[in-house]
Amino acid sequence: MSVLPGAEPFLLDAGPAAPAAVLLSHGFTGTPQSIRPWGEALHAAGYTVSCPLLPGHGTRWQDMNRTTWHDWYKAVEDEYLSLHSRGVPVVAGGLSMGGTLVTRLAQVHAGKATEPAGLLLVNPSYLTLRKDAALLPVVSRVLGSFPGISDDIKKPGAHELAYDRLPLKAAASLSQLWKVVRAELGRVAAPVRLFRSAEDHVVEPASGEALLAGVASAVKSEVVLRESYHVATLDNDAPTIFAGSAEFVASLLSPAGHR
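Residues numbered from 1 in each chain as written. Predicted model: local features only at pLDDT ≥ 70, side-chain atom pairs only at ≥ 80, totals over all residues. Heavy atoms only, no water.

Describing the packing of aromatic side chains
Threshold: Side-chain rings of Phe, Tyr and Trp (the six-membered ring for Trp) are treated as a pair once their centres are within 6.5 Å; stacked means planes under 30 degrees apart, edge-to-face means over 60, and tilted covers the remaining angles. Secondary structure elements follow DSSP: runs of H or I of four or more residues count as helices, runs of E of two or more count as strands, with numbering from the N terminus. Partly exposed describes any residue whose relative accessible area lies between the buried limit of under 20% and the exposed limit of over 50%, with all areas from a 1.4 Å probe on protein chains only and scaled to the type maximum.
Taken as a whole, this structure holds one aromatic pair when the rule is applied. Geometrically, the ring pair formed by Phe28 and Trp72 is edge-to-face, given 5.9 Å between the ring centres and 75° between the ring planes. Here Phe28 is found in the loop between strand S2 (21–25) and helix H1 (36–44), whereas its partner Trp72 is found in helix H3 (residues 69–84), with 44 residues between them in sequence. The buried category is assigned to Trp72, whose relative accessible area is 0%.

Written out as structure tokens, the structure is:
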């Protein structure tokens, strides 16, 4: 299947003089379109920024049901290691499931030379309190999809390029990723900047609470977004995310650093 117009991956190269690079990951059923403005803002601040299109995304929802979280994670890790090979610090960031994936990245590479310099997380997901979620492994064997979860945006006229259906086999795999990541949150030692929407109709506050309570990071902070819903990178508080992200990366590069 061909990639939907606007869903393409992007690499915004700031050249050999760039002091750092940023790996960004989009969310479940979404595309790089949802975080491209975030990437462009970081690129304008002087950093090389890359965002892959996750397997099964950006074409049709049926393709997602042929993939698992291992496929999505590999795409993120491969691009991250490509950036790391440039010899500069790399910060990893993500929206929603993208945040889950880069959190896993920080766990896998903790204590290694390839450990991320920091994590930028916008409404990352690690769990759900919905009781019907327990039925997902069974329901996904019978049904292909449910109505989608895209376009949770408060700003009038803003639109997220994402599937209008929720692929259930893929969703069941995401729930498996949540369990893996939650079990090892204590391995995360990199500095964390969390941006969380006060009103989010996709990810519950419990996810952010689990992150902040579970990571071992000496430096972790939360910015509450009062005027945005889930896809905050396209919403009213996007400038706050962009400025805060650039400031966070710059602070990691300062002589004192965040550690």
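Now that the structure has been shown, we can carry on.
Digging into a nonpolar patch on the surface
Counted only if it meets this: Note on patches: the residues involved have over 30% relative accessible area and no salt bridge, like charges join within 9 Å, and the nonpolar side chains Val, Leu, Ile, Met, Phe, Trp and Tyr join within 5 Å. For the accessible areas, the method is Shrake-Rupley and the probe is 1.4 Å, while residue cover comes only from the protein chains on display. Any carboxyl oxygen of Asp or Glu within 4 Å of a side-chain nitrogen of Lys or Arg constitutes a salt bridge here.
On the surface, Val142, Leu143 and Phe146 cluster together into a nonpolar patch covering about 290 Å² of accessible area. Positionally, Leu143 belongs in the loop between helix H5 (136–139) and strand S6 (145–147). We classify Leu143 as partly exposed; its relative accessible area is 40%.

Regarding helix H6 (residues 168–183)
Stated formally: The span one expects for a helix is its residue count, reduced by one, times 1.5 Å.
Look at H6: 23 Å from first C-alpha to last across 16 residues, which is about the 22 Å you get at 1.5 Å a residue. Every buried residue of H6 is accounted for by Leu168, Ala170, Ala171, Ala172, Ser173, Leu174, Ser175, Leu177, Trp178 and Val181.

Re helix H4 (residues 97–108)
With 12 residues, H4 ought to run about 16 Å at 1.5 Å a step, and its terminal C-alpha atoms sit 17 Å apart, in line with that. In terms of burial, H4 is largely enclosed, as 11 of its 12 residues are buried. For H4, the full list of buried residues reads Met97, Gly98, Gly99, Thr100, Leu101, Val102, Thr103, Arg104, Leu105, Ala106 and Gln107.

A few points about the side chain of Arg104
Assignment of secondary structure puts Arg104 in helix H4. On the basis of relative accessible area, Arg104 is assigned to the buried category, the value being 13%.

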